[in-house]
Amino acid sequence: MGILVRNLTKKYGDFQAVNGVTFEVPAGQLVALLGPSGSGKSSILRIIAGLELADTGSVELTGEDATHVPVQRRGVGFVFQHYALFRHMTIRENVAFGLELRRPKPNKDEIRARVDELLGLVQLMGHAERYPSQLSGGQRQRVALARALAPKPKVLLLDEPFGALDAKVRDELRAWLRRLHDEDHMTTLFVTHDQQEAFEVADQVIVLNHGKVEQMGPPQWLYERPATPFVTEFLGSVNVLNVETVLTMDQHGDEVPLSLDLPGSEGGRAVYVRPHDLEVQRHRDGRPCWPARIRRLTPLGGLARLVLTLHDGTDIQVQLTRQRCLELSLAQGDDVFVLPKDLKVFHQPGNFVENYMI
Amino acid sequence: MSRHGIPHNSWTSLSIRTGSLLYLAVMVILPLVALGVQAAEPGPWAFWNEFTNPFAWHALKLTFTTALAMVAINAITGTATAWVLVRYDFPGKGFMNALIDLPFAVPTVVTGIMLVALYGPTSTLGAIMGQSGFAVIYQVPGIILALLFVTYPFVIRSVQPVLYEMDRAEEEAAATLGADDWTIFWRVTLPTLWPAIVTGSALSFSRALGEFGSVVMVAGNRPLATKTGPMYIFGEIESGNRHGAMVVSVVLLTCSLGILIVLNRLQRRGDESHGR
């Protein structure tokens, strides 16, 4: 077992940052804690590291209870968003820091060899005698990673590790982190607010909102089977329509109505449709559809993004391939018909989902 | 010719620059030169004789040793006070923070009187201390006490902002790597604070070299015992030995200036190595 947290809660003044969080990071996996700012993701990571104490709940690392173990003896490697390198020490001294504090203390040759090994791993062999201020952001973060890995921690925790880097370096480091993990399989938990980053790097993603776990699972599964409206909206763009709009549209279509078997009619129900789950037709073909007008058409390389206005004034986003767009020779102002291929209906109280494949 | 912004009328800019340079020359450089010239005028031998005169030599030695003792105490207590002000929250913290600068506001002679009132032989505390052999006033410890009072804010005010802006993540990183509180302080926090502690200490040292008002009240002005450099200068002027006063002045001035220059250099080098 890698990391197990149970019923964590944490309050800062009146603000409930973490509100009953339970999850497990299986040994050897790379897992992302994903959520908007204020969702409690960094607090959870810091509680696991021992940098902060939870108000209630427990933390287990590799099968042992660590709830009351001080940070120094938890054996976690921690990487901070802004690197937090020791600025008055060289790169070599930075990486050696954790090794020198191990008991029994390794001798000088062992330390030197391990530092060399890690600097090789992060491809900074030639920079050992430099100071952090002489390195670029990406290089500094690699040093921070080498420093965290040097004492062979039980688990690796990264707090928005790529948040301070520019886009290109960020992409490189993500790919590099994934490769590194594929080689050494260290149990790794990293915090991010970037959905794309979580999906690109992680084996599993834990989605957080308001200090609670909304859903956990492999990226594709979360995307296809979101458990809550929040997850649906947070993971990629989505059209939110209210049920009444959807049903009214059917009547106007006056051919085949959309037959959604919606239990009960009370409460705020909402229908979610992803832009790429909508199809556009020039003519009715007997399937249920909504008449609409193209308000805007934006070509985006191989794709095109359309904004359509339904009869009742609701705007919806549609994503088509460039190919399909050309086939239909669509232009701004054209009248078309929209067919939903996949709808998700959420019933607000209870938050359960019904998936309608059409 | 302006470095940025709207181009100025060159006559205006030229006259402003010349004016401020002239002002600096008249206000600061001319008096310095006058002192240097008159101290050197009787020749190097006369200078050397005044410098090595046992009364002058003792006064200078006393000034430096008391200043050093003060710095040793201030470096530690100042850093600790700054630490308390930045890292802890407690009722009355704002008030305490405001009080730090009080010694700058108190006229130095008044400082001397306050110390005499508290520790002087006529006060209760002073009498008890005198009887138990720990007399402070009219003794060397009194001088150190006065210097501590007048230089109190220096180290605190130079360490405080650095501590305040310091990235706590460095200390946290050290903790996750296994460092206990003491190790974190010695190996991570202190090296970051070090330049600020040195700056504050050097400034207070420089200030102490010239301290007169408070010291004259508490020292007792006993030659070869409690007479410091500035008191010696004053005394020599009073008794008509202008040259002797000037020689000691030049020595004190050179030290103060030296400290200023070295500090400036260090600061510039520090800025460069940190890429700021």
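Residues numbered from 1 in each chain as written. Chains lettered and ligands numbered in written order. Predicted model: local features only at pLDDT ≥ 70, side-chain atom pairs only at ≥ 80, totals over all residues. Heavy atoms only, no water.

Asks: Got a minute to help me understand the overall build of chain B in this structure?
Replies: Scanning chain B for helices and strands turns up 14 helices and zero strands. Reading the secondary structure of chain B in the N-to-C direction produces α-α-α-α-α-α-α-α-α-α-α-α-α-α. In terms of its C-alpha atoms, chain B occupies a principal-axis envelope of roughly 70 × 65 × 35 Å. Per-residue burial for chain B yields a buried fraction of 40% across its 276 residues. Nonlocal contacts in chain B, meaning residues at least 24 apart in sequence, comprise 73% of its contacts between residues at least 6 apart. Carbon and sulfur atoms make up 69% of the accessible area of chain B, which amounts to about 15700 Å² in all. For chain B, the centre of its 16 positive side-chain charges and the centre of its 16 negative side-chain charges are spaced 5 Å apart. (Helix = DSSP H or I, 4+ residues; strand = E, 2+ residues; numbered from the N terminus. Buried < 20%, exposed > 50% of the residue type's maximum accessible area, 1.4 Å probe, protein only. Contact = heavy atoms within 4.5 Å. Areas by Shrake-Rupley, 256 points an atom, 1.4 Å probe, with all protein chains shown as cover. Lys, Arg positive; Asp, Glu negative; His and termini not counted. Charge placed at Lys NZ, Arg CZ, Asp CG, Glu CD.)

Asks: Explain the environment of A:Thr188 to me, please; I cannot follow it from the model alone.
Replies: Residues and elements named next belong to chain A. Within the secondary structure, Thr-188 is located in strand S8 (residues 187-192). A relative accessible area of 3% places Thr-188 in the buried class. When the C-alpha positions of Thr-188 and Leu-158 are compared, they lie 7.8 Å apart, and in sequence the two are 30 residues distant. Setting aside residues no more than four positions away along its own chain, Thr-188 makes contact with Val-25, Gln-29, Leu-30, Val-31, Leu-156, Leu-158 and His-181. One polar contact links the side chain of Thr-188 to the main-chain carbonyl oxygen of Met-186, over a distance of 2.8 Å. (Polar contact = N/O pair within 3.5 Å; in protein donor to acceptor, adjacent residues only side chain to side chain.)

Asks: For this particular structure, what's the right way to read empty space enclosed by the protein?
Replies: In this approach a probe as big as a water molecule rolls over the atoms, and the regions it shows empty are the leftover space. Residue and element names in this part refer to chain A. Per the stated rule, a full pass over the model turns up four cavities of 30 Å³ or more. Put simply, the largest cavity is a space of about 60 Å³. In this structure, the largest cavity is lined by Val-79, Gln-141, Arg-142, Leu-145, Leu-158, Pro-161, Phe-162, Leu-173, Trp-176 and Leu-177. Its residues assigned to classes, the lining of the largest cavity shows eight nonpolar, one polar and one charged. (1 Å grid on protein atoms, 1.4 Å probe; cavity = no way out; pocket = protein on both sides within 12 Å on 5 of 7 lines; lining within 4 Å. Points joined across faces, edges and corners; volume = space filled by probe spheres on them. Nonpolar A, V, L, I, M, F, W, Y, C, P; charged D, E, K, R; others polar.)

Asks: Just checking my understanding: could you explain the side chain of A:Gln141 for this structure?
Replies: All names here are of chain A. Position of Gln-141 relative to the elements: it lies in helix H4 (residues 137-149). In terms of polar contacts, Gln-141 uses its side chain to reach the backbone carbonyl oxygen of Pro-161, at 2.8 Å. With residues near it in sequence (within four places) discarded, Gln-141 still touches Val-79, Phe-80, Gln-81, Tyr-83, Pro-161 and Leu-173.

Asks: What am I meant to see in the pattern of salt bridges here?
Replies: Side-chain pairing between opposite charges can occur once the charged atoms of the two side chains come close. Residue and element names in this part refer to chain A. Throughout the structure, instances matching the rule amount to 26 salt bridges over all chains. Of the charged contacts in the structure, one is a salt bridge between Asp-335 and Arg-293, with a shortest N-O distance of 3.0 Å. Within this pair, whereas Asp-335 is found in strand S17 (residues 335-340), its partner Arg-293 is found in strand S14 (residues 290-300), the two being separated by 42 residues in sequence. We classify Asp-335 as partly exposed; its relative accessible area is 46%. A relative accessible area of 46% means that Arg-293 is categorised as partly exposed. (Salt bridge = Lys/Arg side-chain N within 4 Å of Asp/Glu carboxyl O.)

Asks: What am I meant to see in the interface of chain B and chain A here?
Replies: Interface size is often expressed as the accessible area that is lost when the parts come together. Counting from both sides, the interface comprises 22 residues of chain B and, opposite them, 21 residues of chain A. Of the roughly 1900 Å² buried between chain B and chain A on both sides combined, carbon and sulfur atoms contribute 60%. It is B:Thr176, B:Leu177 and B:Arg187 in chain B that bury the most area against chain A; as a group they hold 36% of the surface buried on that side. Inspection of the chain B/chain A interface yields three salt bridges. Close ionic contact of A:Arg46 with B:Glu172 constitutes a salt bridge, the shortest N to O distance being 2.6 Å. (Buried area = accessible area lost by both parts, 1.4 Å probe.)

Asks: Whenever I open this one, the layout of surface pockets confuses me. Can you help?
Replies: Residue and element names in this part refer to chain B. Here the second largest pocket defines a volume of roughly 400 Å³. What lines the second largest pocket is a set of 20 residues, and nearest its centre among them are Arg-168, Glu-171, Ala-175, Asp-181 and Ile-184. If you list the elements that add at least two residues to the lining of the second largest pocket, you get helix H3 (54-87), helix H10 (168-176) and helix H11 (181-209). Partitioning the lining of the second largest pocket into residue classes produces nine nonpolar, five polar and six charged.

Asks: What's the story with the confidence of the model for chain B in this structure? I'm lost.
Replies: Low pLDDT marks regions whose predicted coordinates should not be analysed in detail. Residues and elements named next belong to chain B. Looking at chain B, pLDDT values average 91 and 95% of them are 70 or higher. Per-element confidence in chain B ranges from a low mean pLDDT of 87 for helix H14 (residues 242-273) to a high of 96 for H3. Scored as a complex, the prediction yields pTM 0.80 and ipTM 0.82. (pLDDT = per-residue confidence, 0-100.)

Asks: Quick question: what am I supposed to make of the packing of aromatic side chains here?
Replies: How two aromatic rings sit relative to each other is given by the distance of their centres and the angle of their planes. Scanning all chains against the criterion turns up twelve aromatic pairs over all chains. Ring plane angle 50 degrees and centroid distance 4.6 Å describe the contact between A:Phe86 and A:Phe97, whose orientation is recorded as tilted. Highlighted residues: A:Phe86 in the loop between strand S6 (76-79) and helix H2 (91-100) and A:Phe97 in helix H2, separated in sequence by eleven residues. We classify A:Phe86 as buried; its relative accessible area is 0%. Considering the side-chain rings of B:Phe185 and B:Trp186, the 6.2 Å spacing of their centres and the 75 degrees angle between planes classify their relative orientation as edge-to-face. On the accessibility criterion, B:Phe185 (22% relative accessible area) is partly exposed. Among the aromatic residues, those joined into a cluster by ring pairs are B:Trp83, B:Trp182, B:Phe185 and B:Trp186. The positively charged end of A:Arg147 is found above the aromatic ring belonging to A:Phe86, 4.5 Å away from the centroid. The residue whose ring lies beneath A:Arg274 is A:Tyr223, and the NZ or CZ to ring-centre distance is 4.2 Å. (Phe/Tyr/Trp six-rings, centres within 6.5 Å; stacked < 30°, edge-to-face > 60°. Lys NZ or Arg CZ within 6 Å of the ring centre and 35° of its normal.)

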